[in-house]
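The primary structure of each chain is shown beneath.
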Amino acid sequence: MSKLLYVVAHPLDKERSYSLAMGNSFINTYKEHSPEDEIVELNLYNEYIPEIDADVLEGWGHLRSGGTFEELTSQQQSKLSRIEELTEQFIAADKYVFVSPMWNFTIPARFKAYLDTVLIARKTFTYTENGPVGLMTGKKAVHLQSRGNIYSAGPMKEAEHADTLLKTCLDLMGIELETIVAEGHALQPDDADKIKQQAIEKAVLSAEQLAKEMVLNK
Ligand SMILES: Cc1cc2nc3c(=O)[nH]c(=O)nc-3n(C[C@H](O)[C@H](O)[C@H](O)COP(=O)(O)O)c2cc1C
């Protein structure tokens, strides 16, 4: 049995979001094909996701220099505990599905804040004399994203900082990423339904594939 972590980085619902419509079809298909797997949903807009701020940096610094957790302020303790909880939840999963819209060329700020809670040195990656090495190798992720313009090719390609950012983060941890996008519906509104449906079909095929894969925690 594998554990799939479904990370929703969108504040709306599947009726109002192409990305969530893709995510919903993905998860339903996955469940049909791998009913025994555990699916844990983490909705970043319904849950507390701490940002890296002075409390967090000072708290980490205090622990790194040999201080104890009990010596931290209650604010520092609660932020660090929550970050650790999110990191451990991430480590415990075997597969990941991320749903996000493109906002201003990148992922929503809350999604970035979440990535900051799982990119933790010596937990999900480590530094070696040859550079950083992922500690999460063998795990698989899928990113489902909608964006109004076209970035997979053409003049806007270089302006895509959403999926490329996620891929860089996952690469660092050693996690393989597949991406499915619904794109261009703002440019071609007459084709919007077709663009959405095609993306949903791709998401369904990807879910069937991921459900077949045995990815087990090391
Ligand atoms: C605040 C905001 C910023 C956006 N920025 C971009 C952008 O930089 N590039 C783009 O192609 N589309 C942009 N869009 C359009 C969305 O990416 C597009 O509507 C997409 O379908 C959103 O995903 P959703 O359908 O899951 O909500 C933006 C939309 C909003 C609301």
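Each value, and the rule that gives it
- Residues numbered from 1 in each chain as written.
- Predicted model: local features only at pLDDT ≥ 70, side-chain atom pairs only at ≥ 80, totals over all residues.
- Helix = DSSP H or I, 4+ residues; strand = E, 2+ residues; numbered from the N terminus.
- Rg over C-alpha atoms; globule rule 2.2 N^0.38 Å.
- Buried ≥ 20, exposed ≤ 12 C-beta atoms within 10 Å, placed from the backbone.
- Contact = placed C-beta atoms within 7 Å.
- Near = placed C-beta within 6 Å.
- Pairing = 2+ DSSP bridges.
- Arc of directions from axis to C-beta.

On to the overall build of the chain, then. Secondary structure assignment for the chain yields six helices and seven strands. Its helices and strands taken in sequence order, the chain reads β-α-β-α-α-β-α-β-β-β-α-β-α from the N to the C terminus. Taken over the C-alpha trace, the chain has a radius of gyration of 18 Å; the compact-globule value for 218 residues is 17 Å, and the two agree within 12%. Counting over 218 residues, the chain shows a buried share of 35%. For the chain, long-range pairs separated by at least 24 residues make up 76% of all intrachain contacts whose partners lie at least 6 apart in sequence.

Before going further, it helps to spend a moment on the site of the ligand. The ligand sits among 15 residues. The nearest are Ser 17, Ser 19, Pro 101, Gly 148 and Asn 149. Of all the secondary structure elements, the ones that give two or more residues to the shell around the ligand are helix H1 (18–33) and strand S6 (140–147). Per-element accounting of the shell around the ligand gives the leading share, three residues, to H1.

The next subject is the pairing of strand S4 (residues 125–128). Examined bridge by bridge, S4 and strand S5 (residues 131–134) share four bridges and lie antiparallel to one another. Its bridge partner being in S5, Thr 126 is matched across the sheet by Val 133. Linkage of S4 to S5, two consecutive antiparallel strands, is achieved through a turn of two residues.

If you check which residues of helix H5 (residues 163–173) are buried, you get Asp 163, Leu 166, Cys 169, Leu 170 and Met 173. Looking down the long axis of H5, one finds its buried residues gathered within 130 degrees of arc, a one-sided arrangement. The elements touched by buried residues of H5 are strand S3 (95–101), helix H4 (109–118), S4, S5, S6 and strand S7 (176–183). Note on H5: the residue one or two positions beyond its end, Gly 174, has a positive phi of about 90 degrees.

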